[in-house]
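# Survey of secondary and tertiary structure
These are the residues of each chain, in order.
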Amino acid sequence: MKRRDFVAASAIGAAGMVTTSGLAQTNTVEKDFELKNNINHSVCQWCFGDIPLEDFLKELNTLGIKAIDLIGPKDWPLLKKYDIHCSMCNGAEISLTEGWNDPKYHEQLIKQYTDIIPQVAEAGYTNLICFSGNRRGMNDYVGLQNCVDGLSKIIPLAEEHGVVIQMELFNQVNHPDYMCDNSLWGIELCKHLGSENFKLLYDIYHMQIQEGDIIRSIQNYHPYFGHYHTAGVPGRNEIDETQELYYPAIMKAILDTGFKGYVAQEFIVTWEDKIAALKDAFLRCDV
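Residues numbered from 1 in each chain as written. Predicted model: local features only at pLDDT ≥ 70, side-chain atom pairs only at ≥ 80, totals over all residues. Heavy atoms only, no water.

Turning next to the packing of aromatic side chains. Inspection of the entire model under this criterion finds 10 aromatic pairs. Aromatic side chains Phe 170 and Tyr 178 sit 4.7 Å apart centroid to centroid with 75° between the ring planes, which places their arrangement in the edge-to-face category. The class of Phe 170 is buried, set by a relative accessible area of 0%. Assessed through its relative accessible area of 1%, Tyr 178 is described here as buried. With 5.0 Å between their ring centres and 85° between their planes, Tyr 228 and Phe 259 make a pair best called edge-to-face. (Phe/Tyr/Trp six-rings, centres within 6.5 Å; stacked < 30°, edge-to-face > 60°. Buried < 20%, exposed > 50% of the residue type's maximum accessible area, 1.4 Å probe, protein only.)

This is how it looks when you write it as structure tokens:
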């Protein structure tokens, strides 16, 4: 199952649980939409999948947003047409559940990443996503070593081409059995690989559910985090007052680390005006 299908399916029930008041929808979007851009803003296209990609890119141009997440090689020419950067590439992975922790997938994964890494670099991009896969009864230490064994086969190529392989962290509520489900396991994998071309995609929504203490984690472990995703908790919806995270403080903590990468919005939209919801999220994160 592909990432967008898997995540969207898991979010169907949760999306309906969150209601957004009229006040929450208007209290920030009434402001003039002018960004400081201290944060490098991006957005995950799959969350707005009912808007044709080209139309969505036009909207991003209008907003002055320069990047988009989770786009594969076939759509990169369209991004180039609208001068939108792909801040997190995909297309080399098998699935969230079939990943680097299982040696039976290594041959296929090595082939696919070996093929796409040079394409990412040639297109002028940097980040390429990967997944640990599910445990299926596997010990976490065994799975970690399996990831090291497999990923070490492609890291030299990533280093050669200046591409950063990024493994995303997920929670166990939405993605039961996924192995890379906590910061410390992911950090241990980074340490074993010992390369600046392997980082963690720190999904704030997932890690709030799984372990909390978001700002302290960013402060303590930011050298291992190469990219950030957002969404509201609970529900994975808008990052407004209907949820528990205070994103301005989180963004300030990210800025204080000297982070120069991208923060991508990845929430399931409940507002009728989807672009207004996106604008609201950008403004809340634009510290």
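The structure having been displayed, the exposition proceeds.
Further remarks concern a negative patch on the surface. Taken together, Asp 55, Glu 59, Glu 272 and Asp 273 make up a surface patch of like negative charges. Residue placement: Asp 55 occurs in helix α3 (residues 53–63). You can call Asp 55 partly exposed: its relative accessible area is 36%. (Patch = residues over 30% accessible without salt bridge, like charges linked within 9 Å, V, L, I, M, F, W, Y side chains within 5 Å. Areas by Shrake-Rupley, 256 points an atom, 1.4 Å probe, with all protein chains shown as cover. Salt bridge = Lys/Arg side-chain N within 4 Å of Asp/Glu carboxyl O. Lys, Arg positive; Asp, Glu negative; His and termini not counted. Charge placed at Lys NZ, Arg CZ, Asp CG, Glu CD. Helix = DSSP H or I, 4+ residues; strand = E, 2+ residues; numbered from the N terminus.)

Take the state of the cysteines next. On inspection of all chains with the given rule, the structure shows 0 disulfides. Note on Cys 47: no disulfide assigned, nearest cysteine sulfur contributed by Cys 44 at a separation of 5.4 Å. Cys 47 gets classed as buried once you look at its relative accessible area, which sits at 10%. (Disulfide = S-S within 2.5 Å.)

This part is about helix α8 (residues 183–193). For α8, the complete set of buried residues consists of Ser 183, Trp 185, Gly 186, Ile 187, Leu 189, Cys 190 and Leu 193. Where α8 begins, one side-chain oxygen reaches toward the backbone nitrogen of Leu 184, 3.3 Å away; that side chain belongs to Asn 182. Two residues or fewer after α8 comes Gly 194, characterised by a positive phi angle close to 60°. (Polar contact = N/O pair within 3.5 Å; in protein donor to acceptor, adjacent residues only side chain to side chain.)

Quick reminder: α-helices carry 3.6 residues per turn. Residues three or four places apart thus point the same way. Taken together, the buried positions of helix α10 (residues 214–221) are occupied by Ile 214, Ser 217 and Ile 218. Angularly, the buried residues of α10 cover 100° about the axis, an arc narrow enough to put them on a single face. Where α10 is buried, its residues meet β6 (198–203), α9 (204–210), β7 (225–230) and α11 (247–256). (Arc of directions from axis to C-beta. Contact = heavy atoms within 4.5 Å.)

Running from N to C, helix α6 (residues 140–151) and α8 point in directions that differ by 40°, and their axes come no closer than 10 Å. One finds that α6 runs oblique with respect to α8. In this structure, α6 meets α8 at a crossing whose hand is right-handed. The residues of α8 that touch α6, namely those facing Asp 140, Gly 143, Leu 144, Cys 147, Val 148 and Leu 151, are Trp 185, Glu 188, Leu 189, His 192 and Leu 193. Its residues placed into classes, the contact of α6 with α8 shows 7 nonpolar, 2 polar and 2 charged. (Axes fitted to C-alpha atoms, helices over the stretch in contact; angles between N-to-C directions. Parallel < 35°, antiparallel > 145°, perpendicular 65-115°, else oblique. Left-handed = near helix turned anticlockwise from the far one by under 90°. Nonpolar A, V, L, I, M, F, W, Y, C, P; charged D, E, K, R; others polar.)

What follows concerns the environment of Leu 193. Its place among the elements puts Leu 193 in helix α8. Expressed as a C-alpha distance, the spacing of Leu 193 and Cys 147, which sit 46 residues apart in the sequence, is 9.2 Å. Setting aside chain neighbours within four positions, we find Leu 193 in contact with Val 148, Leu 151, Ser 152, Ile 155 and Phe 198.

A few words on the pattern of salt bridges. Throughout the structure, instances matching the rule amount to 11 salt bridges. Connected via shared salt-bridge partners are Arg 135, Asp 140 and Asp 181.

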